[in-house]
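Listed below, chain by chain, are the residues.
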Amino acid sequence: MSENTKREITYLEAVREAMVQEMRRNPEVFLIGEDIGVYGGAFGVSKGMLEEFGPERVRETPISEEGIAGAAVGAALMGMRPIMEIMFMDFATLAMDQLVNQAAKMRFMLGGAVSVPMVCRAPAGSGTGAAAQHSQCLEAWFVHTPGIKVVSPSNAYDAKGLLISSIRDNNPVFFIEHKLLYRTKASVPEEVYAIPFGKAKVVREGSDLTLLSYSIMVPRALEAAAKLAEEGIQVEVVDLCSLKPLDTETIVQSVSKTGRVLIVHEAPVTGGFGGELAAVIAESEAFDYLDAPIRRLAGRNIPIPYNRTLERASVPQVEDIEKAARALAREGR
Amino acid sequence: MSENTKREITYLEAVREAMVQEMRRNPEVFLIGEDIGVYGGAFGVSKGMLEEFGPERVRETPISEEGIAGAAVGAALMGMRPIMEIMFMDFATLAMDQLVNQAAKMRFMLGGAVSVPMVCRAPAGSGTGAAAQHSQCLEAWFVHTPGIKVVSPSNAYDAKGLLISSIRDNNPVFFIEHKLLYRTKASVPEEVYAIPFGKAKVVREGSDLTLLSYSIMVPRALEAAAKLAEEGIQVEVVDLCSLKPLDTETIVQSVSKTGRVLIVHEAPVTGGFGGELAAVIAESEAFDYLDAPIRRLAGRNIPIPYNRTLERASVPQVEDIEKAARALAREGR
Amino acid sequence: MTDSSVLVGALNQVGEVDWNPILDSSVFVKQLPVEKLAWMLEKMCLTRYFEEKAEELYTRGLVHGTMHLSIGMEASPVGSIAALEPEDFIIHHHRGHGHTIAKGANIVTMMGEFLGKEPGYCRGRGGSMHIADVSDGNMGATGIVGGGIPIATGIGLALQMRKSPQILLSYFGDGSTNEGAFHEALNMASVWDLPIVFICDNNKYGMSMDFRHSMNVEYISTRAASYGMPGISIDGNDVLTVYQVVSQAIGRARSGKGPTLVENVSYRWRGHSKSDRNLYRTQDEIEDWMNRCPIKRFKQLLLTSQVMREDEIEAIDRAAKQTIDDAAEAAILMPEPTPENMEDEVYAP
Amino acid sequence: MTDSSVLVGALNQVGEVDWNPILDSSVFVKQLPVEKLAWMLEKMCLTRYFEEKAEELYTRGLVHGTMHLSIGMEASPVGSIAALEPEDFIIHHHRGHGHTIAKGANIVTMMGEFLGKEPGYCRGRGGSMHIADVSDGNMGATGIVGGGIPIATGIGLALQMRKSPQILLSYFGDGSTNEGAFHEALNMASVWDLPIVFICDNNKYGMSMDFRHSMNVEYISTRAASYGMPGISIDGNDVLTVYQVVSQAIGRARSGKGPTLVENVSYRWRGHSKSDRNLYRTQDEIEDWMNRCPIKRFKQLLLTSQVMREDEIEAIDRAAKQTIDDAAEAAILMPEPTPENMEDEVYAP
Ligand SMILES: Cc1ncc(C[n+]2csc(CCOP(=O)(O)OP(=O)(O)O)c2C)c(N)n1
Ligand SMILES: Cc1ncc(C[n+]2csc(CCOP(=O)(O)OP(=O)(O)O)c2C)c(N)n1
Ligand SMILES: [Mg+2]
Ligand SMILES: [Mg+2]
């Protein structure tokens, strides 16, 4: 991050800025989705974009998620660079054929004759009282789909740079935004910049254990780590940024250094991306350096409930992370 | 398996027999799907059932996967016990909203006021030259969906008993059949029997390493294990049978005994169910007994290609399992 | 379409059905028992006051999450559910407070769910969008636009397979008819002659999108033609027209003749949900529709047709308001759920 | 629908379009250059022989996987693609050999793909179901029934956004029109006036299901009404009728008037795929349709209208057969792909 940039903007504004700047730069880039025009999108991400780019390039659709995804695939096949917005990640369930059977497979299946440069942006996660069908984190499905890349930024700076890379990538990229991050601020340069995929960031150094995370759980992990530091427990926090491609090297290095690893995500623990991370570590040379079992702290294996207290209790909060990290730091082998 | 049963039938016949016997026993059970009537289903699983049960209970549908799943959910809500057939597991992509947002969540979301007793049967896997959109193994998605149970039998005997349990279960159960297993035979009692979920089977005992698997990879693992035994390597093969609920106890016991574990499945390795298994082991007390890193052998991270040689090379074959197990058995810590 | 099948009062119509004539509401109102009319008025008032209270509670910060209000649209759920037998079923959508109330929900339990309380219909797990009342035949709502329509087909299938005399009303919005789920479900229901009446509550907008920009048809009932199903569009702000037309569609469903698509044309006064700034429509348009308030109109009809006196009408109105006020007070005092053992609730035993 | 819009020769029609009259094929055949007619005959013969060869290769055990033959249905792809400019696009479905040949595929490369060879169109990764020929504007097929239709909408959208004069033909089967994808995609294409002609190759069955059991409409063009799109059903075994009608629909698309749904009624002689035992239909029905062979019929027309001599016709036929025989021999000798580095093919650089 450039030192002399002082401008602070929100994650939401960073996402918008990435789209706006790429749309100005490249006429092939356009946004397609529901209520993205005068409404500005369900969360206001595209506010003002209709005014600048007009209804052709801020393309509002009927409520037809499969149709939207198909439109993105078809346009991408022709060399356009659609950014499709799925209003809530939960609705990706309606577009799975287009995303998984079409977008992801087409290049390979046609022997390399085509590419599908598209982005699927989706707000994910709980915390807004929207209940079971508007709160999911489904990244694990897309990580498991060869042909799709998956990124999930934890802050405004990364959101901008990773979205620009996503738009420029020649493949389908699933770009996961977390609703609770939309209002968070960071220092973000006005210039266009691209953050390469496949690079994790050590966002806090520590010697006692490695905490691997992404998206909303990164700020929570940092908060927990700060508290634990007061107790003398030094947590190294790694923000994965891109889930696929995955920066195995940084993970293995950190875990080899600390000898302990706590994996934290919001999605339900069973079958979640944490399993993949655990496997990557357990298969790697870091295995030999482990001084304690690998631990996962993730969402409970339940649909997200409506009630605020229940909702909070369904996914890791700062205090849960603190507790899990403290226990792991003390765990011997 | 009862000793005095000599009758051998195929996996396909066992699936059919389970459905037929439960439909005779319980008028609330019915089959719904595409081409399941006079055609007998794409693979012939329901051959003859239309004749016995008539078009009401062998309910053929238009080509409308989302509609089929919705019909199953609605009927199940009313207390019927639909068995829906998805012609190829790949087409479950079209029914994800109904399966994941509706069937799986409804009980919890309505505070326990309803249950959704339905089975979704789907033939999965490669090996028939059907290419990228007709060859997938998508179990990881459903394992990651709270509210759905997932079973994946490896032989005719288990197929019958697990399908009967699936039909009797009061929840949505994803029942995964492997196309290449359809013609395999086993001794299967004619009587009705139910195999409880959540019980893995040690299908071959061994002391040198534990091989965890399910579905088509179990017979392949057994073949590999038999060959390795000739070299003096004793592989313990565990057939998980049900992926969710998962028999963690048997897994931990076996791995604690052998100190080495190889996880084998057909789905692409990244983000696959193998990650969950690795995490479960790495979090458990078995971790302390591990003498070598946890190893996964799974499908390559590619869509399934059409060409026979490429297709074979995309997923683990007997010789790949043999090789991986041999290497692991020799691996020290 | 034969001439005999043209229904006076229909805004649009497809399919060959012998509709019985519908009467002008000023005539029909005299043919219904006064208790029935009073029931309709009560349910409409309850719905209106429930939602006004919901807004108030929201503003007071007592609601976590969002909500979708149907103020101005009360005639469709009430007029159609009035035509049901108590044993019949409904399934509705995210804008479903009116349907829930009309189908007989306990208002206190409903308000409890709205506030996410343990004694609420879903024990606080569902909230505004998912209030169901299964024991009264209300199978609830899904938050996925169009997602309930295939489930409706399944419910209808179960009723048919069991040779039940019961039927189902399936509600959804104009925007949802652009979802593939709508298409697949109506087609299957028609092919199988299922005992369902599909009711489109067309409130002119799907979130911010004017329905006329989301489809190239003027009337959504036109879409019935794709399924060989009769379709009809009517004034959805006239509770007695809704009642008459839906009664006939229910008759078709109950006698095994299959489903009908009824479009009740209405309007949503409030924003789509709480985050709506109403930038996509004019204040004039909103006010124009507020002048066509279905409740005011029904009260006027009762009065001018002399089937109820003003004091009787106002008594119903006041009682409804009181019921809602009491329910809110009671619901606020209800206990919150606690998060232990939620894993045990996911699967049925 | 105004009277002026009724098209002679249409089996069914919806929407208000001023169709130009279509001529009887015995008249129209004289208005086309003989080269065009010869091209049509050649493509139809190539398709027929390609598929007969495919069957033979399958029987000889040279094919791993399945295939879907369109024998008896050759007039629809050939008649419609004959109406395109070479720069135009097509996207088709699992039964797409005819479309691929008509759009100009190299037969040897195509046969190579059918056999899964490295020099095949998809380097052996795709096979029969996924043969695409992108450089000729053939965007290929998906194995997911209906899955190509939303992609068609996207292609049309790109053409429109780029203000391209090119248009797209999007093909699919009768059964696929029951998928939600069909509904969403046609609706969006109509709302946006995209330059697409949607062509339903109705071969009467979706796998084993008689299309009349899968929907309550007699003609699939009826479904166009849901989208405010013109729809028309025609004899899909008459290559010149297909040509004339699709030409007009292409004209609409190219001039910015939006999409049209054309239903080409035909029949599939062979089973759905190789595992089909044809239990769902009668031998009589099959034979009846075999008597309506589109190729025989076209040859007959060329002969009786005296635009070609029998020896000219037979020369085209023989040459086509030879081309296919040669292609098969060449394809059999092509190298197999090897499995190294497949991971590197998944993502574009
Ligand atoms: C599958 C899906 N897509 C989008 C949404 C977001 N959304 C909620 S309600 C709504 C508008 C629905 O319009 P309509 O069907 O007309 O019902 P109304 O809200 O007008 O009553 C939208 C877009 C959703 N909940 N589900
Ligand atoms: C989504 C999906 N469902 C089911 C199938 C299996 N399937 C392949 S072709 C076919 C029939 C399609 O019928 P139609 O659209 O009429 O095309 P036709 O095969 O008759 O040319 C079916 C059911 C599939 N490939 N994809
Ligand atoms: Mg609406
Ligand atoms: Mg067909």
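Cut-off values and rules
Residues numbered from 1 in each chain as written. Chains lettered and ligands numbered in written order. Predicted model: local features only at pLDDT ≥ 70, side-chain atom pairs only at ≥ 80, totals over all residues. Heavy atoms only, no water. Helix = DSSP H or I, 4+ residues; strand = E, 2+ residues; numbered from the N terminus. Rg over C-alpha atoms; globule rule 2.2 N^0.38 Å. Buried < 20%, exposed > 50% of the residue type's maximum accessible area, 1.4 Å probe, protein only. Contact = heavy atoms within 4.5 Å. Areas by Shrake-Rupley, 256 points an atom, 1.4 Å probe, with all protein chains shown as cover. Lys, Arg positive; Asp, Glu negative; His and termini not counted. Charge placed at Lys NZ, Arg CZ, Asp CG, Glu CD. Donors = N, O, S within 2.8 Å, 3.2 Å for Na, K, Ca; no water. Least-squares fit on C-alpha atoms with pLDDT ≥ 70 in both. Pairing = 2+ DSSP bridges. Axes fitted to C-alpha atoms, helices over the stretch in contact; angles between N-to-C directions. Domains from an automatic or database assignment. Buried area = accessible area lost by both parts, 1.4 Å probe. Salt bridge = Lys/Arg side-chain N within 4 Å of Asp/Glu carboxyl O. Polar contact = N/O pair within 3.5 Å; in protein donor to acceptor, adjacent residues only side chain to side chain.

Draft legend 1. Highlighting the overall build of chain A. Helix and strand content of chain A: twelve helices and 14 strands. For 333 residues, the compact-globule estimate of 2.2 N^0.38 gives 20 Å, and the C-alpha radius of gyration of chain A, at 20 Å, lies within 12% of that figure. In terms of principal-axis extent, the alpha carbons of chain A reach across some 60 × 45 × 45 Å. When the 333 residues of chain A are sorted by exposure, 74% land in the buried category. Considering only contacts within chain A whose residues lie at least 6 apart along the sequence, 83% involve residues at least 24 apart. For chain A, the exposed surface amounts to about 9,000 Å²; the carbon and sulfur share of it is 49%. One way to put it: in chain A the 35 positive side-chain charges average out to a point 1 Å from where the 43 negative ones average out.

Draft legend 2. Seen up close, the coordination of the magnesium ion (ligand 4). All names here are of chain D. Protein coordination of the magnesium ion (ligand 4) is provided by D174 (OD), N203 (OD1) and Y205 (O), with donor distances spanning 2.0 to 2.1 Å. If you list the donors of the magnesium ion (ligand 4) from N- to C-terminus, the spacing comes out as D-x28-N-x1-Y. Each member of the pair, N203 as well as Y205, is classed as buried.

Draft legend 3. View of the coordination of the magnesium ion (ligand 3). Residues and elements named next belong to chain C. The coordination sphere of the magnesium ion (ligand 3), as far as protein atoms go, consists of D174 (OD), N203 (OD1) and Y205 (O), spread over 2.0 to 2.1 Å. Counting gaps between the donor residues of the magnesium ion (ligand 3) yields the pattern D-x28-N-x1-Y. You can see D174 sitting in the loop between strand 4 (168-173) and helix 7 (180-191) and its partner Y205 sitting in strand 6 (residues 205-206), a full 31 residues away along the chain. By relative accessible area, Y205 is classed as buried at 6%.

Draft legend 4. Expanded view of the relation of the copies chain B and chain A. When chain B is fitted onto chain A, the two copies agree to an RMSD of 0.0 Å after a turn of 180° and an axial shift of 0.0 Å. This pairing of chains is accounted for by a two-fold axis. Residues of chain B ranked by C-alpha distance from the rotation axis are headed by G275(B), positioned 2.1 Å from it.

Draft legend 5. Representation of the sheet that holds strand 8 (residues 231-235) of chain C in the model. Residues and elements named next belong to chain C. Spatial ordering of the open sheet is given by 1-8-9-5-4-2-3, a layout of seven strands whose pairing is mixed. In this open sheet, the two edge strands, each paired with only one partner strand, are strand 1 (12-14) and strand 3 (138-141). Neighbouring strand axes in the sheet, compared pairwise and without regard to direction, differ in orientation by 15° on average. In this structure, strand 4 lies alongside strand 5 (residues 196-202), joined through six bridges in parallel fashion. Looking at strand 5, one finds that L169 is bridged to V197.

Draft legend 6. Local environment of the domain arrangement of chain A. All names here are of chain A. Split into domains, chain A comes out as domain 1 (3-187) and domain 2 (201-330). Distance between the C-alpha centres of domain 1 and domain 2: 26 Å. With 30 residues of domain 1 at the contact, the number on the domain 2 side is 24 residues. Carbon and sulfur atoms make up 57% of the area that domain 1 and domain 2 hide from each other, which totals about 2,000 Å². Taken together, the links from domain 1 to domain 2 amount to one salt bridge. Here domain 1 and domain 2 share 16 residue pairs in polar contact (both at pLDDT 80 or more) between them. Broken down by secondary-structure element, the contributors of at least two residues to the side of domain 1 that touches domain 2 are helix 6 (139-143), strand 6 (149-151) and helix 7 (156-168). Looking at the side of domain 1 that touches domain 2 element by element, the count peaks at four residues for helix 6.

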